[in-house]
Structures are given as structure tokens and as C-alpha cells.
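Fold and geometry: a report
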Amino acid sequence: MTGYQHKGSFYTGQYRNLLKDYGIDQQEINTRLEDTWSKLFEGDEDTRIYYPQGEDMGYMLDTGNLDARSEGMSYGMMMAVQLNRKDVFDRLWNWTMTHMYMTTGVHAGYFAWSCKPDGSRLANGPAPDGEEFFAMALFFASHRWGDGEAPYNYGTQARDLLRTCIHRGEDGVGYPMWDPDNKLIKFIPECDYSDPSYHLPHFYELFALWSYPEDRAFWKEAAVASRVYLTISCHPVTGLAPEYAHYDGTPNNDRGYGHFFSDSYRVAANIGLDWEWFGADEWECEEANKVQAFFADKTPEDYRRYTVAGEAFDEKSLHPVGLLATNAMASLAATGPHAQASIELFWNTPLRTGTRRYYDNCLYLFTLLALSGNYRIYLPK
């Protein structure tokens, strides 16, 4: 079988269960989902990455760096809304608004990307991947559960955040998160380059429907621009993307992030989900095939840092479970011979334990949701 489809889930309302399609029993899938959530959100200290705090808050811990990041907080909210856990979602969002939301200075309206578990700030700048996941998770929460009193007026919070992301700086104070000319997401607001793994055209398609009316055309253009950007930032032979890239798609190695490493892993997952949801660009099928082919003869124990052309460094991957998970999620778009093997490798790999588990296991749960047909678009009721 192949992962090819013409119409995405947004149009059909149908979500493929590739795990079941490849022969895994539905009850086993359900059990794995429940067990994975339980270990990450309620488990022991070897697997847990979520920590409730007080009566109404909780945070996601980056176990390798011992901080709470806007990335992880927004990931946790997306996981919670997908699995219908409003209790956890609201705790995470309350913690985020209490400790991360910036109300003054050049970054007012954004979220500090890193805080200590006690809520004190480790940074006063934002990271745009957090903002885009916050906005999408908030829209889904609004549509799935309805809006409440602030800060649980999810839809308004999402629209306000997106307005800030594209209009910040128009009064001369601060910077937008998307370049107003080329419509590309930045690595940070005050820079002029991007991170290919931040590009989520499937989110922008939905922002174009649900943001404030005056912002909708921008998001539609951003979806188109990001799909084009991915085609020029991923290597034409290997499919590998750098962590940072210039606006022309070439690797930006000024600070050593111009190679395929941790951030880059998410590109394969993102193109898989974009294809599943919208089926907008058949290039995504080719890209998925190339990435899976590149890793077909490599074992997770020997995953490394690579140039985008595929030359291996001595440095081993910090997050091999995350990498094999995102390669499996690419099977949503793949039409090549390695889709099944990528899924089987993922299914036969347990959650990561130990100090580096946070990033790997976030990508693991997203992949499990996507491959089981449970990473869904929640439409307004």
C-alpha cells in the first residue's frame, strides 16, 4: 500500500489509521495510546514530563535542560486537546499565562521561551514554534470544549496571539514573528532567517479560516510561502533539512546550525501531517520518500549529525527515538518502499527513559496520534 491520497482530512473528515492498515490490532493501538499518555503525564520519574503544580497549574519539563519551554507547554496543550484532557490543558495554559506571557517591552504579547519550574524567567524572548502551537491548540480547544472566562476564552486568546505575531512592530516597537514581505516564519522575531521545522502550513490554512478577518489573507499566503520554502530548504537528493536556513533556503551555519540535527527532525513529521490534513503539494510525498530512503540502511544507535547532503559527522544524535518517530510520521505522505519499515521500527521502539526523554517522547506521542488517525482538526461546532 502507499500513503498517497488526493484529498486531505480537512475535506473528507476521514483520518487514516496507518498502524491498523499495517496489521496492528486496534486494541493494541488503543492500549499504546493510553499507556503513552499515562507514562508522560502521570508516570514515574523515569518517564514523566508533565508536572501538576498547585490547584490549577502544571508544566512540561525539558528533562535535559531542567526548564519549562514554550515549545513543550504548547506541545502539551496540543496533546491534551487531541486526547480530550481539558483538565491538563487548562493547567498548562494557566501556568503559561501566569509565568510566560509578557505584557511589557519589545516582546509584549509573546511568551518567554524558557522558565524555571518555579516560573521564574530564564529568558525574556519568544520562540515562534511555541506561539504557533499555542494558537492552534487554543482554536481546537475552543471548538472542542467551548470558550470560558479569561484566560480560558480560547478562541479570543488564539486570535489575539496571531494578531500580535504578524502586526508586532508596526508601531515601531518590537518585531513580528513572520516576515511581512515573504510571509516566512522567523527563528526569533528580531532575526532575518528561518528554521524549516517551524513551518506548519497545515496550521496556517486553519489560521486563515479562524483568525481575525483582516488577518486571514496573510495566513493563506503564509501557507503557500511555507510550502514553497520547504521545497527549497530540503536537500533535493537526501530530503534532509538544516536546523537554520536563510530565506533563500540555503543552510545558515553561522552559529553551527546549518546541518541536519535535532530541530530538523520535525520537518518530516510536519510534511506528513500537512499532506494528511490538506493533500496540497505532491512534493511532500517525494520528500517523505527521500528522508525514509536516507535512513533505511541506518540503525537508531548510529544516527548522527549530517550535512544536508548526507555526509555524517562523528557526533551521535541526541534524540534517536525522536528521529525514528518523525521518520515514521512521514509515512502519512510516503509512497515509497520504506513506509512500512519506518512504522514498524517506531511501533517496536519503546518510549525513551532518562534525562534526555522530553523531546523524543513529545515527538513519539505526536507520531502515535498521527499514525493512529487521532491527530485531528477540530472544527467550529
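Small disclaimer: the values here were computed from a predicted structure and weren't measured. (Residues numbered from 1 in each chain as written. Predicted model: local features only at pLDDT ≥ 70, side-chain atom pairs only at ≥ 80, totals over all residues. Heavy atoms only, no water.)

A short note on the pairing of strand S6 (residues 312-316)
The condition that has to hold: DSSP bridges decide pairing: two strands pair if at least two such bridges lie between them. A run of DSSP states H or I qualifies as a helix once it reaches four residues; a run of E qualifies as a strand once it reaches two. Both are numbered from the N-terminal end.
Where strand S5 (residues 304-306) and S6 come together, two bridges link them in antiparallel fashion. If you follow Tyr-306 over to S6, its bridge partner there is Ala-312. The hairpin formed by S5 and S6 contains five residues between the paired strands, and Gly-310 there has a positive phi angle of roughly 105 degrees.

Remarks on the confidence of the model for the protein
Regions with low pLDDT carry predicted coordinates that are not meant to be interpreted in detail. To be explicit about the condition: pLDDT expresses how confident the predictor is about each individual residue, on a scale running from 0 to 100. Should any heavy atoms of two residues lie within 4.5 Å, those residues are considered in contact.
When pLDDT is averaged across the protein, the result is 97; 98% of the residues are at 70 or more. Confidence over residues 1-5 falls short of pLDDT 50; this stretch has 21 contacts with residues more than four positions distant or in other chains.

So, the packing of helix H12 (residues 320-329) against helix H13 (residues 339-347)
Keep this limit in mind: Axes here mean lines fitted to C-alpha atoms, for a helix over just the part in contact, with angles spanning 0 to 180 degrees between N-to-C directions. Should an angle fall under 35 degrees it is taken as roughly parallel, and over 145 as roughly antiparallel, whereas 65 to 115 is taken as roughly perpendicular and any remaining angle as oblique. In a left-handed crossing the near helix is turned counterclockwise from the far helix by less than a right angle, and in a right-handed crossing that turn is clockwise. Three categories are distinguished: nonpolar for Ala, Val, Leu, Ile, Met, Phe, Trp, Tyr, Cys and Pro, charged for Asp, Glu, Lys and Arg, and polar for the others, with Gly belonging to the last.
Look at H12 against H13: their axes get within 8 Å of each other, and the N-to-C directions meet at 140 degrees. Of the possible angle classes, the one that applies to H12 and H13 is oblique. H12 and H13 meet at a crossing whose hand is left-handed. When H12 is examined against H13, the residues Leu-324, Ala-325, Asn-327 and Ala-328 are found in contact with a partner set consisting of Ser-342, Ile-343, Leu-345 and Phe-346. Classifying every residue of the contact of H12 with H13 by side-chain character gives six nonpolar, two polar and no charged.

Side note on the packing of aromatic side chains
Aromatic ring pairs are reported here in terms of the distance separating the ring centres and the angle at which the planes meet. The cut-off we apply is this: Aromatic rings from Phe, Tyr and Trp, with only the six-membered ring used for Trp, were paired whenever their centres fell within 6.5 Å, and each pair was classed as stacked if the ring planes differed by under 30 degrees, edge-to-face if by over 60, and tilted otherwise. A simple rule labels every residue: compare its accessible area, found with a 1.4 Å probe on the protein chains alone, to the largest value its type can have, and call it buried under 20%, exposed over 50%, or partly exposed in between. Remark: a charge is flagged as sitting over a ring if the NZ atom of Lys or the CZ atom of Arg is within 6 Å of the ring centre and within 35 degrees of the ring normal.
Per the stated rule, a full pass over the model turns up 46 aromatic pairs. Here Tyr-75 and Phe-366 contribute two aromatic rings whose centre-to-centre distance is 5.1 Å and whose plane-to-plane angle is 80 degrees, an arrangement assigned as edge-to-face. Here Phe-366 lies in helix H14 (residues 357-371) and Tyr-75 lies in helix H4 (residues 70-82), a separation of 291 residues in the sequence. Using a relative accessible area of 6% as the deciding quantity, one classes Phe-366 as buried. Between the NZ or CZ atom of Arg-48 and the centre of the ring of Tyr-51, over which it lies, the distance is 5.6 Å. Positioned above the aromatic ring of Phe-261 is the side chain of Arg-305, whose terminal nitrogen or guanidinium carbon lies 3.8 Å from the ring centre.

Topic: the pattern of salt bridges
What counts is decided by this rule: Within this document, salt bridges are pairs made up of a side-chain nitrogen of Lys or Arg and a carboxyl oxygen of Asp or Glu, the two lying within 4 Å of each other.
Overall, the coordinates contain 19 salt bridges when judged by the stated rule. Between Asp-87 and Arg-85 there is a salt bridge, and its shortest N-O distance comes to 3.0 Å. The class of Arg-85 is partly exposed, set by a relative accessible area of 24%. Among the charged side chains, a salt-bridge network with shared partners connects Glu-71, Asp-129, Asp-263 and Arg-266.

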